Structures are given as structure tokens and as C-alpha cells.
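Close look at the chain arrangement
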Amino acid sequence: MTTATAACRIPAGRVDLGSDTLFPDQYPAQSPTGVVLFAHGSGSSRFSPRNRAVAAELNRRGLAAVLTDLLTDEEEQIDSHTAEFRFDIHLLTERMIAVVDWAGAEPSLAGLPFGTFGASTGAAAALAAAAYRPQEVQAVVSRGGRPDLAGPALEEMRAPTLLIVGGADTNVLDYNEQAQAVMSAPSQLHVIPGATHLFTERGALEEVSDRAGAWFEHYLGEAG
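Basis of the calculations
Residues numbered from 1 in each chain as written. Predicted model: local features only at pLDDT ≥ 70, side-chain atom pairs only at ≥ 80, totals over all residues. Heavy atoms only, no water. Phe/Tyr/Trp six-rings, centres within 6.5 Å; stacked < 30°, edge-to-face > 60°. Buried < 20%, exposed > 50% of the residue type's maximum accessible area, 1.4 Å probe, protein only. Helix = DSSP H or I, 4+ residues; strand = E, 2+ residues; numbered from the N terminus. Lys NZ or Arg CZ within 6 Å of the ring centre and 35° of its normal. Axes fitted to C-alpha atoms, helices over the stretch in contact; angles between N-to-C directions. Parallel < 35°, antiparallel > 145°, perpendicular 65-115°, else oblique. Left-handed = near helix turned anticlockwise from the far one by under 90°. Contact = heavy atoms within 4.5 Å. Polar contact = N/O pair within 3.5 Å; in protein donor to acceptor, adjacent residues only side chain to side chain. Pairing = 2+ DSSP bridges. Salt bridge = Lys/Arg side-chain N within 4 Å of Asp/Glu carboxyl O.

Digging into the packing of aromatic side chains
Here the structure, examined in full by the defined rule, presents 3 aromatic pairs. Between Phe23 and Tyr27, the ring centres sit 3.9 Å apart and the planes meet at 10 degrees, which makes this aromatic pair stacked. Residue classification places Tyr27 among the partly exposed positions, given a relative accessible area of 26%. Here the aromatic rings of Trp215 and Tyr219 are separated by 4.9 Å at their centres, their planes lie at 50 degrees, and the arrangement is tilted. Here Trp215 and its partner Tyr219 are both found in helix α7 (residues 204-223), 4 residues apart, which amounts to about one turn of the helix. In this structure, Arg146 is placed above the aromatic ring of Tyr175, and the distance from its NZ or CZ to the ring centre is 3.7 Å.

What about the packing of helix α3 (residues 89-105) against helix α4 (residues 122-132)?
Where α3 meets α4, the axes come as close as 8 Å, and the angle between the chain directions of the two elements is 55 degrees. In terms of their interaxial angle, α3 and α4 are classed as oblique. Crossing geometry of α3 relative to α4 is assigned as right-handed. Between α3 and α4, the residues in contact are Ile89, Leu92, Thr93, Met96 and Ile97 and Ala124, Ala125, Ala128, Ala129 and Tyr132, respectively.

Structural notes on the environment of Glu84
Residue placement: Glu84 occurs in the loop between α2 (73-82) and α3. For the pair formed by Glu84 and Gln26, sequence separation is 58 residues and the distance between their alpha carbons is 41 Å. Among the polar contacts made by the side chain of Glu84, one reaches the side chain of Thr82 at a distance of 3.0 Å.

Topic: the sheet that holds strand β3 (residues 35-39)
Strand order across the open sheet formed by 8 strands is β1-β2-β4-β3-β5-β6-β7-β8, with mixed pairing between neighbours. The sheet is open, and its two edges are formed by β1 (4-12) and β8 (187-192), each paired on a single side. Strand-to-strand twist in this sheet, taken as the mean axis angle between neighbours without regard to direction, amounts to 20 degrees. Sheet contacts for helix α1 (residues 49-60): β2 (15-23), β3, β4 (64-68), β5 (114-119) and β6 (137-143); angle to β4, the most-contacted strand, approximately 160 degrees. The sheet strands contacting α3 are β1, β2, β3, β4, β5 and β6, and the helix crosses β1 at an angle near 120 degrees.

Section: the pairing of strand β7 (residues 161-166)
When you tally the buried positions in β7, you get 6 out of 6 residues, the bulk of the element. The two faces of β7 match: Thr161, Leu163 and Val165 on one face and Leu162, Ile164 and Gly166 on the other face are all buried. Pairing of β6 with β7 involves 4 bridges; the strand directions are parallel. Bridge pairing in β7 places Val141 opposite Leu162. In this structure, β7 lies alongside β8, joined through 6 bridges in parallel fashion.

Section: the environment of Glu155
With respect to the helices, strands and loops of the structure, Glu155 is situated in helix α5 (residues 153-156). On the accessibility criterion, Glu155 (46% relative accessible area) is partly exposed. Residues Glu155 and Ser184 lie 29 residues apart in sequence; the distance between their C-alpha atoms is 5.2 Å. Excluding residues that lie within four positions of it along the chain, Glu155 makes contacts with Val182 and Ser184.

Focus: the pattern of salt bridges
Counting across every chain of the model gives 11 salt bridges. Residue Glu57 pairs with Arg60 through a salt bridge whose shortest N-O separation is 2.9 Å. With a gap of 3 residues between them, Glu57 and Arg60 both fall in helix α1, about one helical turn apart. Judged by its relative accessible area of 52%, Arg60 falls in the exposed class. For Asp148, the salt bridge identified is with Arg146, shortest N-O distance 2.7 Å. The class of Arg146 is buried, set by a relative accessible area of 17%. Several salt bridges converge on common partners, so that one network encompasses Glu57, Arg60, Arg61, Asp210 and Glu217.

Keep in mind these numbers describe shape, not what the thing actually does.
Structural data, given as C-alpha cells:
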């Protein structure tokens, strides 16, 4: 499958964020049925092979994917030594909202139903952005995420949410169970037996991609 890719810089306050939009191979002859905006986790980027694998499955299902670095190169360098940005959920959420707003005005994506996908601490930003942009974000998926860090946004968001966690990632599984208990939105917790935090076990990432793809295909298809 040949995927059309559009690279750009997304304005977010005082910074511009590097971003790649991956379109299904039918594009531009056929418009995507929806678009999923990715919030990467700590120490990751838009080039993450795990998120690229999920994006490829979304493309296969006719959905576009926007992969954006929520931190600048300078911030990433600082964070690698201090970890001061990866848990700044307020900052990550503001930038994720900027991505949602940009996508809503981008001609190739405007009018499409949106979903957000978050990994690790990026999951909190994906959830919070859904709470602050309820008309735009129709579905959310968290992969090995920390939805608990979204705080009060968990009670405010309405978008159906899928929480995917590895069964061997016990601490994160606990965090997800705690978050799900306070969420008002329809939610589902999917545990992949034996999988660890990065889903490197045989077949684990494929299951993540398949579950996420089916979730977005269902809810964004309904919204479209």
C-alpha cells in the first residue's frame, strides 16, 4: 500500500510543531472517512514505529492520521535529561487542542469527524483535548496510556474511549482502571494478556492496531 504523506508545521502558541499527515492510498481520488490525531508519549515522536504501525492500519481502513510532535526539538532535549515536559499535561493538552483546531481549518481534513489517539502521557492530552473540543473529537483510544493524568477532564469528556493496556503492565493497568471508574464517557478497557508497556510481544502491536482501527472506524463512521 502506498500512503500519501503531507508534512507541515502546526502553530501552537509561540512554537511550531512538526507534523506528518498520512492519507489512505485512495487519496485524493477518495476522501478519508475520518481523521485520527496522535499524541505521542514521553521520549517518543511522530516517527514512533509503534504509532506508525497503528496509523498504517487506520489508513488501511480509509482513515487519515496526523502524527505531531507535541514538544519542540529543544524541549525534547531538555526533557531527556529532566523529564520536566513529559508530565506537563497542561502544556501537552494545549498543544493537542492546537492540533485539533488546525485540523478543523485544514482544507484536506476540514469537515471530517475527528478522533484522538494517545500513548503513555500523551493519552492524558488526547483525553483532555476531547473534553475541551467535544464537538470535534468523536472518539478516543489510549495505548498503554496514563489517562488518570487527565484529571477533571475525565468527568467532562463525552467521546467513547477505548483503553488498551498490556496485561503485564500492572501499574499502568491499575491507573487505567482508576481512570475508567471516574469517566463519564462510554468506555471499554481492553487488556492484551502477557503484553508489556511497549507491546513488543509477538502479535501484541497488531492487536493494538486492529482494536484501535475498529474503534475509530465504528465511531468516526457513525459521526461522518
